[in-house]
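The chain contents come next:
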Amino acid sequence: MPQGKKRILIVGGVAGGASAACRARRLSEEAEIILFERGEFVSFANCGLPYHIGGEITKRSKLLVQTPESLSTRFNIDVRINSEVTAIDRDKKEVAVKNLASNEQYTEPYDYLILSPGAEPVRPPLPGFDNPRVFTLRNIPDMDRIKHIVDAQKPQNAVVVGGGYIGLETAEALIHRGVKVSLVELAGQVMTPLDPEMTAPVNQCLRKHGVELLLNTSVKSFSDSDGQIKVELSSDSSLDCDLAILAIGVKPEATLAKDAEISTGPLGGIATDDHMKTSDESVYAVGDAIEVTDYVTGKNALVPLAGPANRQGRIAADVIFGINSTYKKTQGTAICKVFELAAACTGANEKTLKRLNMPYEKIYIYPPSHASYYPGGETLAVKMLYDPNNGKVLGAQAVGPDGADKRIDVFATAIRAGMTVYDLCELELCYAPPFGSAKDPVNFAGFVAANVMDKAAKLCHSEELMNPKDNQFLLDVRTPKEFTEDGTIPGAVNIPLDEIRDRLDEIPRDKELLVFCRVGQRGYLACRILCQNGFDCRNLTGGYLIYQAVQEMIANNQN
């Protein structure tokens, strides 16, 4: 077939499918492009759904990125909504289609087929999960149903099941609408892409805004109860609510591919190569339905994010038209707004590195989001993971009211470029007092890690201070006021940093010193003094703040 004379069928719109369709048209005016969408909405901003429920996005139309009419008019794409592709005949190179509005069934041949069926919400087979007031939030009709209930019936109580991105955003939306929310999460933390101690500020923020947070708790059943829903919990307690929203994750919609004997991966997603080709040379797959390779670990992963899906759709179209585009794995860079906080991450977290037995070291810092002398600065909690053998950055997480997004974007770029902690020290980033500091938090993370790499500092971690050995001495170098009013680690002795040089005789020389302050900076300075005076000394990275966060994490997992 001539280069431009291709017949391309695309199953599913939204991010991956719509991107593939538009890119294909930009590459060829002659290609015949048909896009099938099972629902009514072919390209919408599903990340914005909770914000329309909550009222931040007032106009529903703003969520419609493209309509069938706009895709037809601008891109000359044959868009068929309410059309479900029910089967693929790979030998005949055709698909079976059912028009859901008319029940008409027909077939369409293809030269190339792009699968972008997305992911479906996980709906566990719990008793009562099909109750009409138990919702999921994945598409525009889901959003419309929930918003109608909130607008028309003014519910007083809601249960949100799942503490991931959608669960957190939906909980916030309902709080904004005056609904009391209980958030039920099976794990001991919300937002599992972050490590649990980094979610401590998120927990505090949720509770401050009135969210009842129930961790290490699952739902056993839903049932009707005097005009409400009774939610039975694994804790042998129950909640009464006016609506419940299941946000416990998604799974790839790979049934169409499996039925056509197209290969899937070990996690259940459609398997592709780095050109987005499936096991069938004429069939491509993109978006939430596919398995990807994790950029840091090299392992298979499911990463249902819009950014990767858009890039994959573009790559599939490129390859169909002879452009040698490749998909270079997925980092999982993501961010979530939780009231006034932002929680963001990129690369590998500690849980993953530990599970895979990959070497890593971690540092914590708590810098201001911009110059501390300029009004409005907020504390930013940052965790960075790196390879202790070569200093390569493996992952980063940041939580705070301001500045988390741009720091994680820099870390994401550093990971993609294969940069080390030494490279972070050299980055020249924007600085003016309203926006940052002369030493940006990313630079600071590099400085701390580089000091460890160069053996100018030795680190200890919270777990060690919880169970110190007989030959270890806990030294708190904060001020006496902090020591008495803010609390300290059991067994610690307080000698303020500014008094260290004059009180060296009070510090045992036959023990290893585990030193800490509030966030780690004074502890580092104390260790520099002590090491040069012959003491064996390690500094608690992240200081007393991270110790408290780890204590909360342990308490959450014990409840």
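Here the structure is shown first, and the text comes after it.
Quick summary incoming for the structure in this document. (Residues numbered from 1 in each chain as written. Predicted model: local features only at pLDDT ≥ 70, side-chain atom pairs only at ≥ 80, totals over all residues. Heavy atoms only, no water.)

**Side note on the overall build of the chain**
Helices and strands together make up the secondary structure of the chain, namely 16 helices and 32 strands. The C-alpha atoms of the chain give a radius of gyration of 27 Å, which matches the 24 Å a tight globule of 559 residues would have. Projected onto its principal axes, the C-alpha coordinates of the chain cover approximately 90 × 60 × 40 Å. Across the 559 residues in the chain, those meeting the buried criterion constitute 53%. Put simply, of all contacts in the chain between residues at least 6 apart along the chain, 63% involve residues at least 24 apart. Carbon together with sulfur atoms contributes 48% to the accessible area of the chain, which is approximately 24,500 Å² in total. (Helix = DSSP H or I, 4+ residues; strand = E, 2+ residues; numbered from the N terminus. Rg over C-alpha atoms; globule rule 2.2 N^0.38 Å. Buried < 20%, exposed > 50% of the residue type's maximum accessible area, 1.4 Å probe, protein only. Contact = heavy atoms within 4.5 Å. Areas by Shrake-Rupley, 256 points an atom, 1.4 Å probe, with all protein chains shown as cover.)

**Some details on the packing of helix α10 (residues 404–416) against helix α12 (residues 441–453)**
At a closest axis distance of 9 Å, the pairing of α10 and α12 adopts a crossing angle of 50 degrees. Taken as axis vectors, α10 and α12 run oblique relative to one another. Contacts from Arg407, Val410 and Phe411 in α10 reach Pro441, Val442 and Ala445 in α12. Broken down by class, the residue content of the contact of α10 with α12 amounts to five nonpolar, no polar and one charged. (Axes fitted to C-alpha atoms, helices over the stretch in contact; angles between N-to-C directions. Parallel < 35°, antiparallel > 145°, perpendicular 65-115°, else oblique. Nonpolar A, V, L, I, M, F, W, Y, C, P; charged D, E, K, R; others polar.)

**Topic: the layout of surface pockets**
By volume, the second largest pocket amounts to about 600 Å³. Lining of the second largest pocket is provided by 28 residues; of these, Ile365, Phe444, Val448, Gly520 and Gln521 occupy positions nearest its centre. Secondary-structure elements contributing two or more residues to the lining of the second largest pocket are β25 (361–365), α12 and α15 (521–531). The element that contributes the greatest number of residues to the lining of the second largest pocket is α12, accounting for six residues. (1 Å grid on protein atoms, 1.4 Å probe; cavity = no way out; pocket = protein on both sides within 12 Å on 5 of 7 lines; lining within 4 Å. Points joined across faces, edges and corners; volume = space filled by probe spheres on them.)

**Quick notes on the side chain of Asn556**
The residue Asn556 is located in helix α16 (residues 543–558) in this model. Its relative accessible area of 11% is what places Asn556 among the buried residues. Those residues in contact with Asn556 that sit more than four places away from it in its chain are Gly188, Asn203, Arg207, Leu215 and Asn216.

**Description of the side chain of Ser462**
By the secondary structure assignment, Ser462 is in helix α13 (residues 462–466). With residues up to four places along the chain from it excluded, the contact list for Ser462 reads Leu540, Ile546, Tyr547 and Val550.

**Quick look at the sheet that holds strand β2 (residues 32–36)**
The five strands are arranged β5-β2-β1-β9-β20 in an open sheet whose pairing can be described as parallel. Looking at strand neighbours, the two that pair on one side only are β5 (78–80) and β20 (283–285), the edges of this open sheet. This sheet shows a mean twist of 15 degrees between the axes of neighbouring strands, independent of strand direction. Sitting on the sheet, helix α1 (residues 16–27) touches β1 (7–11), β2 and β9 (112–115), and the angle it makes with β2 is about 170 degrees. (Pairing = 2+ DSSP bridges.)

**A word on empty space enclosed by the protein**
As enumerated under the stated definition, the model contains one cavity of 30 Å³ or more in all. Forming the walls of the largest cavity are Ala456, Ala457, Lys458, Cys527, Arg528, Cys531, Cys537 and Asn539. Taken together, the elements giving at least two residues each to the lining of the largest cavity come down to α15 and β32 (537–540). If one sorts the elements of the lining of the largest cavity by residue count, α15 sits on top with three residues. Class assignment for the residues of the lining of the largest cavity results in five nonpolar, one polar and two charged.

**Notes on the state of the cysteines**
Two cysteines joined by a covalent bond between their sulfur atoms form a disulfide. All chains considered together, the criterion is met by one disulfide. Sulfur-sulfur distance for the disulfide between Cys527 and Cys537 comes to 2.4 Å. Where Cys527 bonds to Cys537 through sulfur, the torsion about that S-S bond is close to -65 degrees, and the disulfide is left-handed. Within this pair, whereas Cys527 is found in helix α15, its partner Cys537 is found in strand β32, the two being separated by ten residues in sequence. Exposure class is identical for Cys527 and Cys537. Each is buried. Cysteine Cys47 shares no disulfide, and the gap to the nearest cysteine sulfur, in Cys336, comes to 10 Å. (Disulfide = S-S within 2.5 Å.)

**Overview of a negative patch on the surface**
There is a patch of like negative charges on the surface, built from Glu378, Asp402, Asp405 and Asp409. Considering the arrangement of structural elements, one finds Asp409 in helix α10. (Patch = residues over 30% accessible without salt bridge, like charges linked within 9 Å, V, L, I, M, F, W, Y side chains within 5 Å. Salt bridge = Lys/Arg side-chain N within 4 Å of Asp/Glu carboxyl O. Lys, Arg positive; Asp, Glu negative; His and termini not counted. Charge placed at Lys NZ, Arg CZ, Asp CG, Glu CD.)

**Quick word on the sheet that holds strand β27 (residues 393–400)**
Strand order in the open sheet made by the five strands is β23-β24-β27-β26-β25, with antiparallel pairing throughout. Each having just a single partner strand, β23 (334–338) and β25 make up the two edges of the open sheet. Put simply, the sheet's adjacent strands are angled 10 degrees from each other on average, direction ignored. Bridging between strand β26 (residues 381–386) and β27 involves six bridges; their strand directions are antiparallel. Residue pairing in the sheet places Leu385 in a bridge with Gly395 of β27. Across the sheet, α10 is in contact with β23, β24 (341–347), β26 and β27; its angle to β27 comes to roughly 175 degrees.

**Focus: the pattern of salt bridges**
Per the counting criterion, the structure on display carries 33 salt bridges. The closest approach of N and O atoms between Glu464 and Arg538, which form a salt bridge, is 2.7 Å. Placement of Glu464 in helix α13 and of Arg538 in strand β32 is noted, with a sequence separation of 74 residues between them. On the accessibility criterion, Glu464 (26% relative accessible area) is partly exposed. We classify Arg538 as buried; its relative accessible area is 14%. The closest approach of N and O atoms between Glu512 and Arg538, which form a salt bridge, is 2.7 Å. Pair noted here: Glu512 is in strand β31 (residues 512–516) and Arg538 is in strand β32, with a separation of 26 residues, a long-range link.

**Considerations on the nonpolar core**
One broad trend across soluble globular proteins is that nonpolar side chains are buried collectively. Counting residues in each nonpolar core, the largest one holds 50 residues, and the members touching the most others are Ile146, Leu168, Leu174, Val190, Val202 and Leu206. Not counting residues up to four positions away in its chain, the partners in contact with Leu168 are Gly163, Leu183, Val190, Met191, Leu206, Cys336 and Val338. One finds Leu9, Ala31, Ala257 and Ile320 within the second-largest nonpolar core, a separate group that totals 49 residues. (Core = buried A, V, L, I, M, F, W, Y, C linked by side-chain atoms within 4.5 Å.)

**A few points about helix α8 (residues 306–320)**
Over its 15 residues, α8 extends 22 Å from the first C-alpha to the last, a length consistent with the 21 Å expected when each residue adds 1.5 Å. Here α8 has its buried residues at Pro308, Ala309, Gln312, Gly313, Ile315, Ala316, Ala317, Asp318, Val319 and Ile320. Of the surrounding secondary structure, the elements contacted by the buried residues of α8 are β1, α1, β9, β20 and β21 (292–293). With its phi angle positive at about 85 degrees, Gly322 sits one or two positions after the end of α8. (Expected span 1.5 Å × (residues − 1).)

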